Amino acid sequence: MKTSLMNKFLTDKVNNLAASATLAMAAKARELKSKGIDIIGLSLGEPDFNIPDFIKQAAVKAINDNYNSYTPVDGYLDLKEAISRKFLRDNKLSYSTNQIVVSTGAKQSIANVVEAMISPGDEVILLAPFWVSYSAMIKICGGVPVVVKSDIGSNFKVTASEIEYHITSKTKMIIINSPNNPSGSVYNEIELREIGKMLENYPEIFILSDEIYEHINYGLEHFSFASIREMYNRTITVNGVAKAFAMTGWRIGYLGAPEWLAKACVKLQGQSTSGANCIAQKATIAALDANIDRIKYMIDEFSQRKKMIINLLSNIKGFKLNNPDGAFYIFPDISYFFGKTINGFEIKNSTDFSLFLLEKAHVATVTGEAFGAPNNIRISYAASRENIKEAIDRIKSVF
Ligand code: GLU
């Protein structure tokens, strides 16, 4: 009955839409927890730190100063000025305030751009593995995701010529995400410049550069695609405060783009969510204006946890591990287990493997299939050391 109501009353667009695998797994873990099952959640990319006090204080001040009205659709001017300073300071990018749009999370910034630019039939190149929601956003607009594959052997990176091979007359956009969710791989300046050089021959292709993990970087210099002079006018730089400042629930993301595109995003946003939350915007100014050393303790801790999880997982036969340079995920190849039955559980693919870990080890991870990498699973190490240790002990014990 339910299914027939869905078919009758919902649009094909929604009926054909896959639920976000990251959020679905987090919801499932929460549900099991509420039933009293002791699940360790390593599915969501969510720092377990508290928000730094200086950011909290800015939020409290905004409340006491009575910031409570609707905000400008594109964001407070003083926040856009802070974003403009941040782009210049960290990324050598010059974006004026009318090229900047503040949104309810970087996710909305990306959705706005895709909705503003992708028409039915347009192709968007995704570099696998890619974050789960890119492909869904493209499909919502009738666009076609075109996937350039990579694997652990190439450290989950693709070359300019591999991308070029997938370009057609319908290619409208390429989405680059470095540091990458889910692999943690970071494209260096040379690799990005090679992609830029190749794209000089394709002047009508736009590049969406998702840099939300910019600061979660273990040593390689971050390089912004828009800082390639020839690419600036057709690159959209997306960032936000969720990951670096442990502000996931505050939902503030932003983009820098050519002015005409920023205007289009404002128009779209003005007809959907309007401006982002007033208190969170004011807190974001404090975050972006702070010296980046103030959050270094979190990056250092993620780096330690990365070493720890690699160490622990390397003791389990069948996990082929990568060594991420950024973000807070490890993305092992677990195809060794395909076709095996373990503990009475038949593992045919990475989704089965992730469900197996949930059911038997009570550890939540995310299937690689959702990221266009069917041999892998994503394990987030944005969790406490105790939880990471306990989770990997449990995983080890079920084999
Ligand atoms: N981006 C995070 C993740 O991949 C948050 C969840 C989501 O919105 O997908 O875990």
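Small disclaimer: the values here were computed from a predicted structure and weren't measured. For every chain, the first residue of the written sequence is number 1, and numbering continues from 1 along that sequence. Given that the model is predicted, a residue must reach a pLDDT of at least 70 before its local features are reported, and side-chain atom pairs must reach 80 or more before they are shown or counted; all residues, however, enter totals for whole chains, interfaces and linings. Processing note: side-chain calculations cover all non-hydrogen atoms of the structure and skip hydrogens and water entirely.

With that settled, the discussion passes to the site of the ligand. Any residue with a heavy atom positioned within 4 Å of a molecule or strand is treated as near that molecule or strand. Residues in contact with the ligand, as listed here, are T22, L23, L44, G45, K107, W131, N181, K243, Y329 and R378. Nitrogen and oxygen atoms within 3.5 Å of one another constitute a polar contact, given that in protein one can donate a hydrogen and the other can accept it, and given that sequence-neighbouring residues count only through two side-chain atoms. The side chain of K107 places a nitrogen or oxygen atom 2.8 Å from an oxygen atom of the ligand. In this structure, an oxygen atom belonging to the ligand sits 3.0 Å away from a side-chain N or O atom of N181. Here the open area of atoms and residues is found with the Shrake-Rupley method and a 1.4 Å probe, where only the protein chains shown may cover a residue. Burial of the ligand by the protein amounts to 86% of the accessible area it has alone, namely 280 Å². Of the grid points, spaced at 1 Å and generated over the protein atoms alone, those admitting a 1.4 Å probe that cannot get out make up cavities, while open sets with protein on both sides within 12 Å along at least five of seven lines make up pockets; any residue with an atom within 4 Å of a point is treated as lining. To decide whether a molecule occupies a pocket or cavity, check its atoms: if more than half lie within 2 Å of the grid points, it is inside. Under a 2 Å grid-point criterion requiring more than half of the atoms, the pocket assigned to the ligand is the second largest pocket. Here the term charged refers only to Asp, Glu, Lys and Arg, the term nonpolar to Ala, Val, Leu, Ile, Met, Phe, Trp, Tyr, Cys and Pro, and the term polar to all other amino acids, Gly among them. Of the residues contributing to the shell around the ligand, the split by class is four nonpolar, three polar and three charged.

Just to be clear on terms, a salt bridge is a Lys or Arg side-chain nitrogen sitting within 4 Å of an Asp or Glu carboxyl oxygen. Scanning the model with the defined rule gives 22 salt bridges in all. The partner of D74 in a salt bridge is K80, with the nearest N and O atoms 2.7 Å apart. Judged by relative accessible area, D74 falls into the partly exposed class, the value being 21%. Overall, the relative accessible area of 5% leaves K80 in the buried class. Here D90 and K86 are joined by a salt bridge, their closest N and O atoms 3.2 Å apart. Exposure categories follow from relative accessible area, calculated using a 1.4 Å probe and restricted to protein chains: below 20% of the type maximum is buried, above 50% is exposed, and the middle band is partly exposed.

Attention shifts here to the sheet that holds strand β3 (residues 123-127). For two strands to be treated as a pair, DSSP must find no fewer than two bridges joining them. Under the DSSP-based scheme used, a helix requires at least four consecutive residues in state H or I and a strand at least two consecutive residues in state E, with every element numbered from the N terminus. Strand order in the open sheet formed by seven strands is β2-β8-β7-β6-β5-β3-β4, with mixed pairing between adjacent strands. Across the chains shown, the open sheet's two edge strands, defined by having one partner strand only, are β2 (100-103) and β4 (144-148). Each strand of the sheet is rotated relative to its neighbour by a mean of 20°, with strand direction disregarded. Pairing analysis gives four bridges linking strand β6 (residues 206-210) to strand β7 (residues 235-240), with the strands arranged parallel. Counterpart to I207 in the pairing with β7 is T235. Along the sheet, helix α5 (residues 77-91) contacts β2, β7 and β8 (253-256); its crossing angle with β2, the most-contacted strand, is approximately 115°. Fitted lines through C-alpha atoms give the axes, limited to the stretch in contact for helices. The angle between two N-to-C directions lies from 0 to 180 degrees. The criterion used for residue contact is that any of the two residues' heavy atoms lie within 4.5 Å.

What follows deals with the layout of surface pockets. Grid points are joined across faces, edges and corners, and a volume is the space filled by probe spheres set on the points. By volume, the largest pocket is sized at about 620 Å³. E214, H215, L220, E221 and H222 are the residues nearest the centre of the largest pocket, which is lined by 23 residues in total. Among the secondary structure elements, those contributing two or more residues to the lining of the largest pocket are α5, α9 (189-199) and α12 (296-313). For the lining of the second largest pocket, the elements supplying multiple residues, two or more each, are α3 (21-34) and α6 (106-117). Here the element with the most residues in the lining of the second largest pocket is α6; it accounts for three residues. Within the lining of the second largest pocket, the residues separate by chemical class into eleven nonpolar, seven polar and six charged.

The subject of this paragraph is the sheet that holds strand β14 (residues 377-380). Spatially, three strands are ordered β9-β14-β13 in an open sheet, and the strand pairing comes out antiparallel. Strands with a single pairing partner mark the edges of an open sheet, and in this sheet they are β9 (329-330) and β13 (366-367). With two bridges connecting them, β9 and β14 associate as antiparallel partners. Residue pairing for β14: Y329 is matched across the bridge by S380.

Right, let's get into the packing of aromatic side chains. Two aromatic rings, drawn from Phe, Tyr or Trp (for Trp, its six-membered ring), form a pair once their centres lie within 6.5 Å of each other, and the interplanar angle then sorts them: stacked below 30 degrees, edge-to-face above 60, tilted otherwise. Per the stated rule, a full pass over the model turns up 24 aromatic pairs. Among the aromatic residues, ring-to-ring pairing joins F319, Y336, F337, F345, F353, F356 and F399 into one connected group. The rule for a charge over a ring is simple: NZ of Lys or CZ of Arg within 6 Å of the ring centre, and within 35 degrees of the ring normal. We note R294 situated over the ring of F54; from NZ or CZ to the ring centre the distance is 3.9 Å.

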